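# Tertiary structure, described
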Amino acid sequence: MKHFPLIMLTLFFIPFSAHAQNDVKITPLKNNIHMLVSPQGGNIVTSTGEDGTFIIDDQLGGRSEIIEAAVKSINDQDIKFILNTHYHFDHSGGNEFFGAKNALIVAHDNVRKRLSTRQFITYFKREMLPLSKAGLPTLTFAHDMTFHYNGSSINIIHIPAAHTDGDAVAHFTDENIIVAGDLIFNGMYPFIDIEHGGSVMGIIAGLDVLLTLADDKTVIVPGHGPLMNKSGLQTYRQTLATIAEHIKSAIKDGKTREQTIAAKPTQEFDATLGKGFIGPDAFVSFLYDDLSRI
Ligand SMILES: [Zn+2]
């Protein structure tokens with residue numbers, strides 16, 4: 001969800017999309033797998049090759065021609081499959097554009113449910129209207145599934161009640177790459193969509209799953225921010241767990257949300273994580289509401 005102040009800039013760019021793909025930075029990860037990073041919107045991972053193009057997440061609506069041009073600069077084939085790591089508009093905004101071009105969209109069952117109906121994300125004051133049929137996932141799963149594609153085995157694993165209620169991570173087993181979606185915001189406090197089934201304890205449990213899959217050479221692609229390694233993942237997990245513990249004890253001590261925010265339970269991490277689009281107070285507020293429900 002990292003597009004908010006830049007939406008006007010995005011709109012401004014649309015008429016010039018044929019020349020604007022250079023705002024997408026393409027990083028080779030391994031063999032035929034690449035990461036695409038834009039100034040706004042979520043990260044994208046592509047697998048290209050003899051079977052066709054498979055992309056993980058498709059970014060903000062209105063940027064689809066830019067994204068398509070960037071993907072085709074790696075390999076000129078059409079996009080055959082898209083995995084949505086979750087329903088948010090900065091990861092699924094290209095669904096209708098690419099779906100209309102016959103890409104098959106794959107996602108957790110709850111992503112299809114959410115994209116089929118109106119959603120409102122209070123923190124961003126953002127309405128997501130139901131997508132047309134072309135933008136909806138055609139293939140959905142409850143727990144996990146595996147792609148055997150372009151020579152890779154790609155395990156897709158559902159992480160329950162984490163960033164949302166429909167998160168999926170992707171593990172390229174041979175290439176040792178994990179695509180974490182918004183389970184990880186690298187270098188900033190994460191948005192947690194607690195009104196749509198997310199929870200910090202679910203995120204921590206999901207990060208523990210990723211830690212069992214990772215070794216010291218694993219390349220981890222977060223939903224937002226730069227690449228991470230296992231040691232960064234351990235630190236991120238520990239940071240979230242420490243802050244959650246601080247807030248749990250404040251709740252146990254009967255502190256109000258305002259008192260908890262005023263006590264600055266994130267202070268030791270604010271210099272490194274507090275300058276993103278979710279500030280320390282907002283992050284504490286999410287966690288207070290989330291952990292008050294337990
Ligand atoms: Zn998200």
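As shown above, the structure is provided for reference.
Below: a short report on this structure. (Residues numbered from 1 in each chain as written. Predicted model: local features only at pLDDT ≥ 70, side-chain atom pairs only at ≥ 80, totals over all residues.)

## As for the overall build of the chain
Stated formally: Starting at the N terminus, helices and strands are each numbered in turn, a helix being any DSSP run of H or I of at least four residues and a strand any DSSP run of E of at least two. Labels follow a simple rule on C-beta atoms placed from the backbone: if 20 or more others lie within 10 Å of a residue's own, it is buried; if 12 or fewer, it is exposed; otherwise it is partly exposed. Whether two residues are in contact depends on their C-beta atoms, placed from the backbone: they are in contact if these lie within 7 Å.
Secondary structure summary: the chain contains 11 helices and 14 strands in total. Taken along the three principal axes of its C-alpha coordinates, the chain extends 60 × 40 × 35 Å. Evaluated residue by residue, the chain yields a buried proportion of 47% over its 294 residues. In the chain, the proportion of contacts linking residues at least 24 apart, taken out of those at least 6 apart, comes to 64%.

## Considerations on the packing of helix α8 (residues 230-252) against helix α11 (residues 280-292)
Helix packing geometry: the angle between the two helix axes and the distance between the axes. The cut-off we apply is this: Axis definition: a line fitted to C-alpha atoms, limited for helices to the stretch in contact. Angles are taken between N-to-C directions and run from 0 to 180 degrees. Roughly parallel covers angles under 35 degrees, roughly antiparallel covers those over 145, roughly perpendicular covers 65 to 115, and oblique covers all other angles. Crossings are sorted by hand: turned counterclockwise from the far helix by less than a right angle, the near helix makes the crossing left-handed, and turned clockwise it makes it right-handed. Gly is put with the polar residues, along with every residue not named as nonpolar or charged; the nonpolar set is Ala, Val, Leu, Ile, Met, Phe, Trp, Tyr, Cys and Pro, and the charged set is Asp, Glu, Lys and Arg.
Two elements in contact, α8 and α11, have axes separated by 10 Å at closest approach and are oriented at 60°. It follows from the interaxial angle that α8 and α11 lie oblique. The two elements α8 and α11 cross, and the hand of that crossing is right-handed. Between α8 and α11, the residues in contact are Ile243, Ala244, Ile247, Lys248 and Ile251 and Val284, Leu287, Tyr288, Leu291 and Ser292, respectively. Split into classes, the residues belonging to the contact of α8 with α11 amount to eight nonpolar, one polar and one charged.

## Details of the sheet that holds strand β2 (residues 33-37)
This is how it is decided: What makes two strands pair is DSSP finding at least two bridges between them.
Strands sit in the order β1-β2-β3-β4-β5-β6-β9 across an open sheet of seven strands; the sheet is mixed. Looking at the sheet topology across the chains shown, the edges are occupied by β1 (25-30) and β9 (139-141). When strand polarity is set aside, the average angle formed by the axes of neighbouring strands in this sheet is 20°. In terms of strand pairing, β1 meets β2 through five bridges, oriented antiparallel. What sits directly across from Ile26, in β2, is Leu36. Running over the sheet, helix α3 (residues 64-74) touches β1, β2, β3 (44-47), β4 (53-56) and β5 (79-83) and is turned about 35° from β3. Here helix α6 (residues 109-116) sits on the sheet and contacts β6 (104-108) and β9; the angle it forms with β6, its principal contact strand, is near 110°.

## Things to note about the sheet that holds strand β12 (residues 167-172)
Sheet strands line up and pair through hydrogen bonds in the backbone, either parallel or antiparallel. Judged by pairing direction, the sheet is mixed, and its five strands sit side by side in the order β10-β11-β12-β13-β14 without closing on themselves. The sheet terminates laterally at β10 (144-149) and β14 (219-224), the two strands that pair on one side only. Shown here is a sheet whose adjacent strand axes are inclined to one another by a mean of 25°, direction ignored. Direction of pairing for β10 relative to strand β11 (residues 152-159): antiparallel, over a ladder of six bridges. Bridge pairing in β11 places Phe147 opposite Ile154. Contacts from helix α7 (residues 200-213) reach β11, β12 and β13 (177-185), with the element oriented near 165° to β13.

## Observations regarding the packing of α7 against α8
Relative orientation of the contacting elements α7 and α8 amounts to 155°, with a least axis distance of 10 Å. Taken together, the axes of α7 and α8 lie roughly antiparallel to each other. Two packed elements cross with a definite hand, and for α7 against α8 that hand is left-handed. Every residue of α8 that contacts α7 at Val200, Met201, Ile203, Ile204, Leu207, Asp208, Leu210 and Leu211 is listed here: Leu233, Gln234, Tyr236, Arg237, Leu240, Ala241 and Ala244. Counted by class, the contact of α7 with α8 contains 12 nonpolar, one polar and two charged residues.

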